[in-house]
Amino acid sequence: MKKCEYQQIDPRALPTPTPPHHRGDDDGGGGGKSDELKRPRRKWEVFPGKNRFYCGGRIIVARQSGVLPLTLGLILVTSGLFFMFDCPFLVKHLTSCIPVVGGVLFVFVVITLLQTSFTDPGILPRATPDEAADIEKQIDNTGNASYRPPPRTKEVLINQQVVKLKYCFTCKMFRPPRTSHCSLCDNCVERFDHHCPWVGNCVGKRNYRFFYTFIVSLSFLTAFIFGCVTTHLALRAQGGKGLVFALQESPGSAVELVICFFSVWSILGLSGFHTYLVASNLTTNEDIKGSWSGKSGEDVTNPYSHKNIFINCCYVLCGPLPPSLIDRRGFLPADESAQTSGADIEVPTVATKSEINVVGGSSQLVNGTQEAPSPVPALPNSHHDSSSA
Amino acid sequence: MRQQAAVAAKVFIQRDYTNGTVCQFQTKFPSELETRLDKQQFEETVRTLNNLYAEAEKLGSQSYIEGCLACLTAYTVFLCMETHYEKVLKKITKYIQEQNDKIYAPRGLLLTDPIERGLRVIEVTIFEDRSLTR
């Protein structure tokens, strides 16, 4: 009668996946060999999406920066002209608070713009091959891989509302609710709002509050500069001197006037729209598609809303900020070839297949291995080598 | 002498979306683990993990204060401060290591921290029963 005995496995002996905050631990032992050949690579270097990384993976942007340089340029030029031309006059004739307020708004705008552009919007790492295989098994798809099968969906019940989850063929997983795949960045992004070309990045769960603060402070800044320039020109044109004279005296103000006049309406409109979205806990994506507006006559409500404007606002803007899931600066395990991110456990799988063949193939070989008194090395790879020798 | 084992199978515990987008995992006991693990033990582990994730995403006074302070400083505090969420994630990593050492490793199983899989699944690796090869 065979007795099932489970032998204690020392978890530290196995190629455990390195937790995000303990980078480099595995590389001390297993990475030694490849260190001599090449330096250990970080996960951002093999990231499968269409993103670019700077500062060793700390900064992430979309492949196409869109019109981010234009956005930044417009803001810097307009604010620069404001501080150079309008502030001296207004400080003399009105109050010195004006440059202070302008300065604070300008700093807010630039910082939040850079944060929106350079932060991970909530990218979901792609499924590991094991996960993808497990999902395939569950779907029981018998078609071959050369054509795309019909879209796969899964229905879940969220707060008594039926929500369809779609399968993402690129990331090989069922997208969580509110997640969408951005074709420009080639990533699934959580709570996907939209891909903003002005900011050069997707707007999603992790950077929506930065984006909202950016457009709100930008609308305040634009309106403030517009008001100040108008006041400045009005003051200069006093005494019958006329607007043309005022514009000739301060040509920078003319430029600011044009830029602010044309942008203030769209930015104010955008801020208003996003304030509505925040208050109802919706994303631009859902609003455009009309997911919860009940267009088809069904009784649908937004299942994610807290049914209270104040709580919705607090949740979206001041709620907890989850960390980045893609672990850009984590190290790849040493003996891994080009992989999707986070696929540490793949190594034992590759060894497993050969391991199982060895074990299943011949019991004599296994017995031989068992009887050998030599200590067995930790990595399955090396065990395979010693058993086949 | 350190044992090393072959991976026999992997089980993936999927996310449970019935309460929305908060991070929760299904507590349904997978059939592949029936021979190795107690159902109560497994449910206890998953339930504790769910509670920890709920704590990370909780809309409490602390998260609001953190959020408001961040908003006032143009979110620059995030560059120097560890958020409440990250602190709880560290707690979760420690808990999983503890569970692996005490309960799962003696039974030939290994839990992978969900953060390694983008908070999509809890991956349970089932190692081969060495005694079967005797």
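The rules we used
Throughout, residues of each chain are indexed from 1 in the direction in which the sequence is written. Whichever chain is written first is A, and whichever ligand is written first is 1; the rest continue in order. Selection of residues for local features in this predicted model requires a pLDDT of at least 70, selection of side-chain atom pairs for listing and counting requires 80 or more, and totals for whole chains, interfaces and linings are taken over all residues. Side-chain metrics rest on all non-hydrogen atoms present in the structure, leaving aside hydrogens and water. Strands here mean DSSP runs of E at least two residues long; helices mean DSSP runs of H or I at least four residues long; both are numbered from the N terminus. Here the radius of gyration uses the C-alpha set of atoms, whereas the globule reference equals 2.2 Å times the residue count to the power 0.38. Residue exposure (1.4 Å probe, protein chains only): buried if accessible area is under 20% of the type maximum, exposed if over 50%, otherwise partly exposed. Contact between two residues is taken to exist if any of their heavy atoms lie within 4.5 Å; hydrogens are not considered. Working definition of accessibility: Shrake-Rupley area with a 1.4 Å probe, residue cover restricted to the visible protein chains. Under the convention used here, Asp and Glu are negative, Lys and Arg are positive, and both His and the chain ends fall outside the count. A single reference atom marks each charge: NZ on Lys, CZ on Arg, CG on Asp, CD on Glu. Pairing between strands is defined by DSSP: at least two bridges between them are needed. UniProt positions are given in the numbering used here, feature names are shortened, and annotations may be inferred rather than shown by experiment. Residue count minus one, scaled by 1.5 Å, sets the expected span of a helix. To obtain the bend at a residue, axes are fitted to the seven residues ending there and to the seven starting there, and the angle between these axes is taken. Angles run from 0 to 180 degrees between N-to-C directions of axes, and those axes are lines fitted to C-alpha atoms, restricted for helices to the stretch in contact. With respect to orientation, any angle under 35 degrees is reported as roughly parallel, any angle over 145 as roughly antiparallel, any angle of 65 to 115 as roughly perpendicular, and every other angle as oblique. Throughout this entry, Asp, Glu, Lys and Arg are counted as charged residues, while Ala, Val, Leu, Ile, Met, Phe, Trp, Tyr, Cys and Pro are counted as nonpolar. The remaining residues, Gly among them, count as polar. The term salt bridge refers to a side-chain nitrogen of Lys or Arg lying within 4 Å of a carboxyl oxygen of Asp or Glu. Throughout, nonpolar core names a set of buried Ala, Val, Leu, Ile, Met, Phe, Trp, Tyr and Cys residues whose side chains join them through atoms within 4.5 Å. An arc is given here, and it is the one of the directions from the helix axis to the C-beta atoms.

Summing up its helical and strand segments, chain B has four helices and three strands in all. For chain B, whose C-alpha radius of gyration is 18 Å, the value lies well above the compact-globule estimate of 14 Å for 134 residues. The dimensions of chain B, computed from C-alpha atoms along their principal axes, are 65 × 35 × 20 Å. Of all 134 residues assigned to chain B, the portion counted as buried reaches 58%. Excluding contacts between residues fewer than 6 apart, the proportion of contacts in chain B whose partners are at least 24 apart in sequence is 58%. With the model as given, the accessible surface of chain B reaches about 5,900 Å², and the carbon-plus-sulfur share is 52%. Here chain B contributes 18 positively and 18 negatively charged side chains, and the mean placements of these two sets differ by 3 Å.

What follows deals with the sheet that holds strand S5 (residues 161-168) of chain A. All names here are of chain A. Strand order in this open sheet of three strands is S4-S5-S6, and the pairing throughout is antiparallel. Edge positions in the sheet fall to strand S4 (153-158) and strand S6 (173-174), since each of these pairs with one other strand and no more. Both S4 and S5 contribute to a ladder of six bridges, which runs antiparallel. When the sheet's bridge partners are listed, Thr153 is paired in S5 with Lys166.

In this structure's numbering, the residues bearing the UniProt feature "domain: Golgin subfamily A member 7/ERF4" (unreviewed entry) are residues 11-123 of chain B. Between the C-alpha atoms that bound residues 11-123 of chain B there is a distance of 6 Å. The span itself is 49% helix and 10% strand.

With that out of the way, let us pick up the UniProt feature "domain: Palmitoyltransferase DHHC" (unreviewed entry) in chain A. UniProt annotation of "domain: Palmitoyltransferase DHHC" (unreviewed entry) refers to residues 164-289 of chain A when read in the numbering used here. Taken as a whole, residues 164-289 of chain A contains 56% helix and 15% strand, while its terminal C-alpha atoms sit 14 Å from one another.

Before going further, it helps to examine helix H8 (residues 251-279) of chain A. Residue and element names in this part refer to chain A. Across its 29 residues, H8 extends 41 Å between first and last C-alpha, which sits within 8% of the 42 Å expected from 1.5 Å per residue. A bend of about 35 degrees at Val264 is the largest found in H8. Those residues of H8 not exposed but buried are Gly252, Ser253, Glu256, Cys260, Val264, Ile267, Ser271, His274, Leu277, Val278 and Ala279. Looking at the buried residues of H8, the elements they touch are helix H3 (68-93), strand S9 (194-196), helix H6 (208-236), helix H9 (284-289) and helix H10 (309-318). Directly after H8, the chain includes Asn281, whose backbone phi takes a positive value near 50 degrees.

As a further point, take the packing of helix H1 (residues 39-56) of chain B against helix H4 (residues 84-104) of chain B. Residue and element names in this part refer to chain B. The geometry of H1 relative to H4 is characterised by a closest axis approach of 9 Å and an angle of 170 degrees between their N-to-C directions. In terms of their interaxial angle, H1 and H4 are classed as roughly antiparallel. In this structure, H1 contributes Gln41, Phe42, Glu44, Thr45, Thr48, Leu49, Leu52, Tyr53, Glu55 and Ala56 to the contact, and H4 contributes His84, Tyr85, Val88, Leu89, Lys91, Ile92, Tyr95, Ile96, Gln99, Ile103 and Tyr104. Partitioned by chemical class, the residues of the contact of H1 with H4 number 13 nonpolar, five polar and three charged.

In this structure the tally under the stated criterion is 15 salt bridges over all chains. Here Lys10 of chain B ties to Asp130 of chain A by a salt bridge, and the two come within 2.7 Å at their closest N and O atoms. On the criterion of chain membership, the pair formed by Lys10 of chain B in strand S1 (residues 7-14) and Asp130 of chain A in helix H5 (residues 129-139) is interchain, its members lying in two chains. Using a relative accessible area of 13% as the deciding quantity, one classes Lys10 of chain B as buried. For the salt bridge of Glu286 of chain A with Arg178 of chain A, the shortest nitrogen-to-oxygen distance reads 3.0 Å. Taken as a pair, Glu286 of chain A in helix H9 and Arg178 of chain A in the loop between S6 and strand S7 (180-182) lie far apart in primary sequence, 108 residues in all. Assigned by exposure class, Glu286 of chain A and Arg178 of chain A land together as buried.

Here the focus is the UniProt feature "transmembrane region" (unreviewed entry) in chain A. The UniProt entry lists residues 67-85, 91-114, 210-235 and 255-279 of chain A under the feature "transmembrane region" (unreviewed entry), expressed in the numbering used here. Secondary structure within residues 91-114 of chain A divides into 88% helix and 0% strand; the distance between the first and last C-alpha atoms comes to 30 Å.

With that out of the way, let us pick up the environment of Thr71 of chain A. Residues and elements named next belong to chain A. Residue position: Thr71 is located in helix H3. Here the alpha-carbon distance between Thr71 and Ile288, two residues 217 residues apart in the chain, equals 25 Å. Not counting residues up to four positions away in its chain, the partners in contact with Thr71 are Leu113, Trp198 and Phe214.

Residues Ile75, Val163, Tyr208, Phe211, Phe214 and Leu218 of chain A are the most contacted members of the largest nonpolar core, which totals 42 residues. Of all elements in the fold, only H3, helix H4 (97-118), S4, S5, H6, H8 and H10 of chain A reach the threshold of two or more residues within this core. Looking at this core, the element that brings in the most residues is H6 of chain A, giving 11 residues. Ignoring anything within four residues of it in the chain, the contact list for Leu218 of chain A reads Ile75, Val109 and Ile267 of chain A. One finds Leu124 of chain A together with Leu49, Val88 and Ile96 of chain B within the second-largest nonpolar core, a separate group that totals 38 residues.

Okay, the pairing of S5 of chain A next. Residues and elements named next belong to chain A. Joining the antiparallel neighbours S4 and S5 is a turn of two residues, in which Asn159 adopts a positive phi near 50 degrees. Note: S5 against S6, two bridges, orientation antiparallel. Paired with Cys168 across the two strands is Met173, which belongs to S6.

With 12 residues, helix H2 (residues 61-72) of chain B should reach 16 Å at 1.5 Å per residue; the first-to-last C-alpha distance of 16 Å fits that figure. Of all the positions in H2 of chain B, only Ser63, Glu66, Gly67 and Ala70 of chain B are classed as buried. Buried residues in H2 of chain B, looked at end-on, bunch into an arc of 95 degrees, giving them a common side. The exposed set on the far side of H2 of chain B, more than 90 degrees from its buried face, consists of Ser61, Ile65 and Leu72 of chain B. Looking at the buried residues of H2 of chain B, the elements they touch are H10 of chain A together with helix H3 (77-80) and H4 of chain B. Phi turns positive one or two residues past the end of H2 of chain B, at Ala74 of chain B, with a value near 55 degrees.

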